[in-house]
Amino acid sequence: QVQLVESGGGLVQAGDSLILSCAVSQRRRSPYAMAWFRQTAGKERKFVAAINWNGSRTYYADADSLKGRFTISRDNAKNTVSLQMSSLKPEDTAVYFCAATQFGGGRKEDEYDYWGQGTQVTVSS
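Residues numbered from 1 in each chain as written. Predicted model: local features only at pLDDT ≥ 70, side-chain atom pairs only at ≥ 80, totals over all residues. Heavy atoms only, no water.

A.B. asks: Tell me about the packing of aromatic side chains, residues and numbers included.
C.D. replies: Counted according to the given criterion, the structure contains five aromatic pairs. Plain terms: the ring middles of Y32 and Y114 are 5.9 Å apart, the flat faces sit at 80 degrees to each other, and that makes the pair edge-to-face. Taken as a pair, Y32 in the loop between β3 (18–26) and β4 (33–39) and Y114 in strand β10 (residues 114–115) lie far apart in primary sequence, 82 residues in all. We note that Y32, like Y114, is buried. Consider the rings of F37 and F47, whose centres lie 5.6 Å apart with planes at 75 degrees: the pair is edge-to-face. Taken together, the residues span a long stretch of sequence, with F37 in strand β4 and F47 in strand β5 (residues 46–51) at a distance of ten residues. Each of the two residues, F37 as well as F47, counts as buried. Here the aromatic residues F37, F47, Y112 and W115 are joined through ring pairs into a cluster of three or more. When the ring centre of F97 is taken as origin, the NZ or CZ atom of R45, which lies over that ring, is 4.5 Å away. A cation sits over an aromatic face here: R45 above W115, 3.9 Å from the ring centre. (Phe/Tyr/Trp six-rings, centres within 6.5 Å; stacked < 30°, edge-to-face > 60°. Helix = DSSP H or I, 4+ residues; strand = E, 2+ residues; numbered from the N terminus. Buried < 20%, exposed > 50% of the residue type's maximum accessible area, 1.4 Å probe, protein only. Lys NZ or Arg CZ within 6 Å of the ring centre and 35° of its normal.)

A.B. asks: Please set out the pairing of strand β8 (residues 80–85) residue by residue, giving values where relevant.
C.D. replies: In terms of strand pairing, β3 meets β8 through six bridges, oriented antiparallel. Note that in β8 the partner of L18 across the bridge is M85. Taken together, the six bridges between strand β7 (residues 70–75) and β8 define a ladder with antiparallel strand orientation. Along β8, the bridge assignment pairs T71 with Q84. What sits between β7 and β8 in their antiparallel hairpin is a turn of four residues, with N79 showing a positive phi close to 55 degrees. (Pairing = 2+ DSSP bridges.)

Printed below as a string of C-alpha cells:
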C-alpha cells in the first residue's frame, strides 16, 4: 500500500511562489513514478507534471501557461516529491493532487494507482 499526503497549499497573491510537497509512505523499497494533477471546481482533474522513479526524467503539461513556472522534483531519501510553483496566477487556483504508480507514469489520470487527498492553492489577483 501507498499513502500520499500533500502539504504546502495556501492563499497567496499573484506573482508569489509556493512549494507543494507530497510525503510518500510505501512498503516496497523501489520508488514509484510520481505526478501532480490539479482540479478546479466542476472540472476534470488535469495533469501538471510527472517525474520518473529516480528523477532522471520529468514531464510537464503542454499548456503554455505552465511552462517555465512549475518544477517537479523528488528526494527518494526523504520519500518526498515537490512541486515548485512561481509567478503564480489566479488561474492556477485549484486543488493539487499527488499521485503515484508502480509502472510507467505519464500524463493521464488513469495511469496512476494511488492518490493523495489534495491541497488547496488559491491565488488572489
